[in-house]
Amino acid sequence: AKGAKSKAPTSSPTTTNAPSSSPTESLLCVGFYEASDRNEYKACIGPNGKATQFSSGQNRDFNIGTFSDIFLDNSRGGSFTIKWTGGARNFCSKNRSAEATGICAPSNVSRFKSVTEPSGCTYYFEIEEPYFCASSVDEFWEKVRG
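Reference entry: report on the structure contained in this document. Computed from a predicted model, the values in this text were never measured in an experiment. (Residues numbered from 1 in each chain as written. Predicted model: local features only at pLDDT ≥ 70, side-chain atom pairs only at ≥ 80, totals over all residues. Heavy atoms only, no water.)

### Section: the overall build of the chain
And then number 1: Looking only at helices and strands, one finds 1 helix and 9 strands in the chain.
And then number 2: The order of helices and strands in the chain, counted from the N terminus, is β-β-β-β-β-β-β-β-β-α.
And then number 3: Across the 146 residues in the chain, those meeting the buried criterion constitute 45%.
And then number 4: Taking the intrachain contacts of the chain between residues at least 6 apart in sequence as the baseline, contacts between residues at least 24 apart amount to 44%.
And then number 5: Of the accessible surface of the chain, which amounts to about 7,400 Å², a share of 46% is contributed by carbon and sulfur atoms. (Helix = DSSP H or I, 4+ residues; strand = E, 2+ residues; numbered from the N terminus. Buried < 20%, exposed > 50% of the residue type's maximum accessible area, 1.4 Å probe, protein only. Contact = heavy atoms within 4.5 Å. Areas by Shrake-Rupley, 256 points an atom, 1.4 Å probe, with all protein chains shown as cover.)

And the structure:
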């Protein structure tokens, strides 16, 4: 299925690869987060899911990327790693992209914990969400599908 194939190394003992297919209609969207730079962020996990940045200064959205990967990373305490790639090049020397850590949260919490831009047009999100209380990528998708 489009966008669900894991690019994580299969030989790594600390990584659980994404399934060969993810739900074709299921998306988990988290947002909006207003950062100190006054930009707002939104991210959708699943087929064709987008991560976006709304620039209040320019009154427009920038595509950070399209969902490309999710995997359980045991080297990070069993948290999920999510990636978006192929975003817009506006004001960038390369395509925008993002990586996020998905953190297990209580049922009443669904939010960006933080957003940073460690290098130009490459973003890092921390997302708290109950769906990340799963023990595998398959269980994550089962929770999203409900």
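There's plenty left to go through after this.
### Describing the pairing of strand β6 (residues 79-86)
And then number 1: The pairing of strand β5 (residues 60-73) with β6 spans 8 bridges and is antiparallel. Its bridge partner being in β6, D73 is matched across the sheet by S79.
And then number 2: Two elements, β6 and strand β7 (residues 97-104), share 5 bridges in a ladder whose sense is antiparallel. Directly across from W84, in β7, lies its bridge partner A98. (Pairing = 2+ DSSP bridges.)

### What about the state of the cysteines?
And then number 1: Under the definition given, this model contains 3 disulfides.
And then number 2: Between the sulfur atoms of C29 and its disulfide mate C44 the distance is 2.0 Å. Its S-S torsion of about 110° marks the bond between C29 and C44 as right-handed, since a negative value means left-handed. Taken together, the positions of C29 in strand β2 (residues 28-34) and C44 in strand β3 (residues 40-45) put the pair 15 residues apart, joining distant regions of the chain.
And then number 3: The exposure class of C44 is buried, given its relative accessible area of 8%.
And then number 4: When the bonded cysteines of the chain are counted from the start of the sequence, the pairing works out to 1-2, 3-5, 4-6. (Disulfide = S-S within 2.5 Å.)

### As for the environment of A88
And then number 1: Relative to the helices and strands, A88 resides in the loop between β6 and β7.
And then number 2: Taking the C-alpha atoms as reference, A88 lies 7.2 Å from G65; in sequence the two are 23 residues apart.
And then number 3: In this structure, A88 is in contact with N63, K94, N95 and R96, ignoring residues within four places of it in sequence.

### Considering the packing of aromatic side chains
And then number 1: Considering all chains together, one arrives at 10 aromatic pairs under this definition.
And then number 2: On the basis of an interplanar angle of 90° and a centroid distance of 5.1 Å, the ring pair of F112 and F125 is categorised as edge-to-face. Of this pair, F112 sits in strand β8 (residues 111-119) while F125 sits in strand β9 (residues 122-129); the two residues are 13 residues apart in sequence, bridging distant segments of the chain.
And then number 3: With centroids separated by 5.0 Å and ring planes inclined at 70°, the aromatic side chains of F140 and W141 adopt a geometry described as edge-to-face.
And then number 4: With relative accessibility at 2%, the residue W141 sits in the buried group.
And then number 5: Taken together, Y41, W84, F112, Y123 and F125 form an aromatic cluster joined through their ring pairs. (Phe/Tyr/Trp six-rings, centres within 6.5 Å; stacked < 30°, edge-to-face > 60°.)

### A short note on the nonpolar core
And then number 1: Counting residues in each nonpolar core, the largest one holds 27 residues, and the members touching the most others are I45, I70, F80, I82, W84, F125 and F140.
And then number 2: At the level of secondary structure, the elements contributing two or more residues to this core comprise β2, β3, β5, β6, β7, β8, β9 and α1 (137-145). (Core = buried A, V, L, I, M, F, W, Y, C linked by side-chain atoms within 4.5 Å.)

### Thoughts on the pairing of β9
Note on strand geometry: in a regular strand, side chains alternate between the two faces of the sheet.
And then number 1: Pairing geometry for β7 and β9, over 8 bridges, is parallel. Across the sheet, the residue bridging to C104 is E129, located in β9.
And then number 2: With 6 bridges joining them, β8 and β9 adopt antiparallel strand pairing. Each residue of the ladder has a partner; that of F112, found in β9, is I127.
And then number 3: Following β8, the chain reverses through 2 residues before pairing antiparallel with β9; C121 in that reversal takes a positive phi of roughly 65°.

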